[in-house]
Amino acid sequence: MSSLKIICPNGHLGFAPLKTGSFHLGVDSQPDFIAADSGSDDIGPVPLGSDTCASPKAWQRQDLEEMLLASRRIGVPMMIGSAGDTGSNSRVDMYVEMIREIAAQHGLAPFKLGWFYSEVDKETVRGKIRAGSEITGLDARPALTEEELDATDRIVAMAGVHPFLKLLEEGCDVIIGGRSSDSAIFAAAALHKGYPEAQSYYLGKVLECASFCAEPYGAKETVMGEITADHVEVTAMAPEQRCTVASVAGHAMYERSNPFHEFVAGGMLDMTDCHYEQVSDKTTRVTGMEFSAAPEFRVKLEGSGKVGERFVGMAGIRDPYTIANVDAVIDWARQQTIERFGPDGWELHYNVFGRNGIMGDMEPLKDQPGHELCVVVQGVAPTREMAEEVCMTGTRQMFYARLPEVKGTAGGVSFIFDEVLPGSPAYRWTLNHTMAVDDPLELFPTHTAMVEGAVQ
Amino acid sequence: MNSRKKLSELAKTIRSKNAGTDKITFDIIFRERETYEMVKLSGALTRDTVCETLNVDPARLTDFVEYDPAHAIKFTILRERPSGSAGDGDIFGAQQYAPFLDVEVDVTS
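Residues numbered from 1 in each chain as written. Chains lettered and ligands numbered in written order. Predicted model: local features only at pLDDT ≥ 70, side-chain atom pairs only at ≥ 80, totals over all residues. Heavy atoms only, no water.

Engineer: What is the right way to look at the overall build of chain A in this model?
Structural biologist: The secondary structure content of chain A amounts to 13 helices and 20 strands. Expected size for 456 residues packed as a compact globule is a radius of gyration near 23 Å; at 25 Å, chain A falls within 12% of this value. If you line up chain A on its principal axes, its C-alpha atoms span 80 × 55 × 50 Å. Within chain A, contacts between residues separated by at least 24 positions form 78% of all contacts whose residues are at least 6 apart in sequence. Accessible surface, chain A: about 17700 Å² in total, of which carbon and sulfur atoms supply 51%. (Helix = DSSP H or I, 4+ residues; strand = E, 2+ residues; numbered from the N terminus. Rg over C-alpha atoms; globule rule 2.2 N^0.38 Å. Contact = heavy atoms within 4.5 Å. Areas by Shrake-Rupley, 256 points an atom, 1.4 Å probe, with all protein chains shown as cover.)

Engineer: Is there a simple way to think about unusual backbone geometry in this case?
Structural biologist: A negative phi holds for most residues other than glycine; trans holds for most peptide bonds. In this chain, Glu215 of chain A is followed by Pro216 of chain A through a cis amide linkage whose omega measures -5°. Relative to the elements of secondary structure, Pro216 of chain A occurs in the loop between α9 (197-207) and β8 (223-227). Phi at His71 of chain B takes a positive value of approximately 50°, unusual for a residue other than glycine. Looking at the secondary structure, you find His71 of chain B in the loop between β4 (61-67) and β5 (72-78). We classify His71 of chain B as buried; its relative accessible area is 17%. (Buried < 20%, exposed > 50% of the residue type's maximum accessible area, 1.4 Å probe, protein only.)

Engineer: Would you mind showing me how to read the interface of chain A and chain B here?
Structural biologist: Quite often, the size of an interface is put as the accessible area lost when its parts meet. The partner chain B presents 43 residues to the 42 residues of chain A that form the contact. The interface formed by chain A and chain B holds five salt bridges in total. Between Glu215 of chain A and Lys12 of chain B there is a salt bridge, and its shortest N-O distance comes to 3.7 Å. Between the two partners, chain A and chain B, sit 18 residue pairs in polar contact (both at pLDDT 80 or more). Every element with two or more residues in the side of chain A that touches chain B is listed here: α10 (245-251), β16 (347-353), β17 (373-381) and β19 (426-436) of chain A. Considering each element in turn, the side of chain A that touches chain B owes the most residues, five residues, to β19 of chain A. Its residues assigned to classes, the side of chain A that touches chain B shows 21 nonpolar, nine polar and twelve charged. (Salt bridge = Lys/Arg side-chain N within 4 Å of Asp/Glu carboxyl O. Polar contact = N/O pair within 3.5 Å; in protein donor to acceptor, adjacent residues only side chain to side chain. Nonpolar A, V, L, I, M, F, W, Y, C, P; charged D, E, K, R; others polar.)

Engineer: Could you clarify how one ought to interpret helix α3 (residues 57-74) of chain A in this entry?
Structural biologist: Three- or four-residue spacings in an α-helix give side chains the same orientation, since the helix completes a turn every 3.6 residues. Residues and elements named next belong to chain A. Across its 18 residues, α3 extends 26 Å between first and last C-alpha, which sits within 8% of the 26 Å expected from 1.5 Å per residue. All of the buried residues along α3 are Gln60, Asp63, Leu64, Glu65, Met67, Leu68, Ala70, Ser71 and Arg72. Taken together, the buried residues of α3 touch α1 (20-28), β2 (33-39), β3 (78-85), α4 (89-106), β4 (111-116) and β7 (174-176). At the exit of α3 stands Gly75, carrying a positive phi of roughly 70°. (Expected span 1.5 Å × (residues − 1).)

Engineer: Whenever I open this one, the sheet that holds strand β20 (residues 446-451) of chain A confuses me. Can you help?
Structural biologist: Within a sheet, adjacent strands bond to each other through the backbone by hydrogen bonds, running parallel or antiparallel. Residues and elements named next belong to chain A. With respect to topology, ten strands assemble into an open sheet ordered β12-β13-β9-β8-β1-β2-β3-β7-β4-β20, the strand pairing being mixed. At either margin of the open sheet sits one strand with a lone partner, and together these are β12 (275-280) and β20. Neighbour-to-neighbour, the strand axes of this sheet turn through a mean angle of 25°, independent of strand direction. Summarising the sheet, β12 and strand β13 (residues 283-287) pair through five bridges and their orientation is antiparallel. Along β13, the bridge assignment pairs Ser280 with Thr283. (Pairing = 2+ DSSP bridges. Axes fitted to C-alpha atoms, helices over the stretch in contact; angles between N-to-C directions.)

Engineer: What should I look at first to understand the side chain of Thr235 of chain A in this one?
Structural biologist: All names here are of chain A. Tracing the backbone through its elements, the reader meets Thr235 in strand β9 (residues 232-236). A polar atom in the side chain of Thr235 sits 2.8 Å from the side chain of Thr283. Every residue in contact with Thr235, bar those within four places of it in the chain, is listed here: Val223, Met224, Cys243, Lys282 and Thr283.

Engineer: Explain the nonpolar core here, please?
Structural biologist: Soluble globular proteins tend to pack their nonpolar side chains together in the buried interior. Residues and elements named next belong to chain A. Ranked by size, the top nonpolar core spans 73 residues in total, and within it Met79 and Tyr202 carry the most contacts. Residue contributions to this core peak at eight residues, all from helix α8 (residues 182-192). With residues up to four places along the chain from it excluded, the contact list for Met79 reads Phe33, Ile34, Ala35, Ala36, Met67, Phe164, Leu168, Ile175, Ile185, Ala188 and Ala189. In this structure, Met67, Ile80, Tyr117 and Val174 belong to the second largest nonpolar core, which totals 34 residues. (Core = buried A, V, L, I, M, F, W, Y, C linked by side-chain atoms within 4.5 Å.)

Engineer: Explanation requested: the pairing of strand β15 (residues 298-317) of chain A in the structure shown.
Structural biologist: One face of the sheet, then the other: side chains in a regular strand alternate in exactly this way. Residues and elements named next belong to chain A. Buried residues dominate β15, accounting for 14 of its 20 residues. Relative to β15, strand β6 (residues 154-157) runs antiparallel, the two being bridged by four bridges. Each bridged residue has a counterpart across the sheet, and for Ala157 the counterpart in β15 is Leu301. With ten bridges joining them, β15 and β19 adopt antiparallel strand pairing. Among the inter-strand pairings, Glu302 is bridged to a residue of β19, identified as Asn432. Across nine bridges, β15 lies against β17 in antiparallel orientation. Pairing of Phe311 across the sheet is with Gly379, part of β17. In terms of strand pairing, β15 meets strand β18 (residues 421-422) through two bridges, oriented antiparallel. Residue pairing for β18: Val312 is matched across the bridge by Leu421.

Engineer: Would you explain the pattern of salt bridges in this entry?
Structural biologist: Pairing is possible between side chains of opposite charge, provided their charged atoms come close. All names here are of chain A. The full count for this structure, using the stated rule, is 36 salt bridges over all chains. The shortest N-O distance in the salt bridge between Glu148 and Arg428 comes to 2.7 Å. Taken together, the residues Glu148 in helix α6 (residues 146-150) and Arg428 in strand β19 connect sequence positions 280 residues apart. According to the relative accessible area criterion, Glu148 is partly exposed, its value standing at 23%.

Engineer: Would you explain the sheet that holds strand β2 (residues 13-18) of chain B in this entry?
Structural biologist: Residues and elements named next belong to chain B. The strand order across the open sheet formed by four strands is β2-β3-β5-β4, and the pairing between neighbours is antiparallel. Each edge of the sheet is formed by a strand with only one pairing partner; in this case those strands are β2 and β4. Looking at each pair of strands side by side, their axes are set apart by 10° on average, direction ignored. Bridging between strand β3 (residues 23-29) and β5 involves seven bridges; their strand directions are antiparallel. From the neighbouring strand, Ile24 faces β5, where its bridge partner is Ile77. Lying over the sheet, helix α2 (residues 33-42) contacts β4 and β5, oriented at roughly 50° with respect to β5.

Dropping the structure here:
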């Protein structure tokens, strides 16, 4: 095969529904694979820690249905990575179940389904630490300690191409992956067909976010990537979009600290000497990518740990004197919480929107608050009852803050309701680390089954 | 004659986004090579000026790259706390770019 085509309809399957118009144009262009990533660490630590989805099931099902029906109709494999936002085992099982349901509902002809898991048992990680194999921190984090491991609820390892390749070699028509490097899903398809590593990983890198590599801006539109032995071409499928030198080169640096290097399990894609060329109105060709294998096989681990239950309150401020002294108001409310619950064992967080609620200390205009403020209060504590009361104290006591010169002594803040709302429990990222493994498949057990769509 | 323009008038894209759980990366992308080269030469965006704009210690700036293929200046900072920790006002890091819209560039030719 002199070239291979993959379409990608969505950069984070389920997070917002794919746009069907450009997807069907992509399907009509005779791709060899249909693939999408479904996960991200962008969504924060709550879904991984609590083993939930960030996305509504209806949106996930819509995209899986579009992709599965198209894949079976034109007879090409479909591949999904990082199932259900986090790629945890339960999310993989949920996607596998959805695939079975969709197949039964539409009476699809039998096909081979493959899936793999990526959760890592804490004791496996502990064993590595105790055996002296450092769990190395990324992005200035220290090496993992057993204490931090103890504070972790769930860990996923980020798969490279290896489990996808294994399932393709076993003849799977549909693959549902646990947590995966975005680019590996697509790279595995190209490697399976014998294309070189550099071009394969670049293909994955450019397709992973679907139409984010096209312009004008428009998310969730399908793009098509085509790989040969020496180049990658990427084409926008949406009629209004183009893949330009600027949009494709610009995408190389999206969501990464450095635009030249993409690290995956087992190696690194080097984009330093990439050359971009507009070869037609909607298509840009890329050459010059390199790939180097890593000296040691290390896998990235993501982990999330529960901090506590959480409630959320909101208060508005219009009095300019109170606005100027909002920190004193917050201190007062915090002090009332300390008097009731003691100095620790709970947390209160205040985001002052209209001043620096979004940027915190990085906000250059924090000395110029707006004429009205909204304070969002989060109370975190070991139990829901305590979290509700901590949050209520931290919110309602703003009403009673004793500022020396306030004129409006009937109440210092406004409420749009005088309750606090249950929030998701608070979690934090405990692991952003790498771990050495002996076998690339060690952490990613694979499974296959025939789906007898018509008879279910 | 001295003449100044805001970065928002010169750049095609000014954006910020998480780069993993512990970093936020900023992309300032220009449409024309000439504008990109002019901004590079102007000294308006350097390791020092971006740290100053964001009021962060230079030790938190992990990368600063002038990326010619995309006519872009790109830099990355370590977050104060990992994304999505309670109290984080921007889980995606997607609204941290705003102060760069108003950065002034000397466009004297």
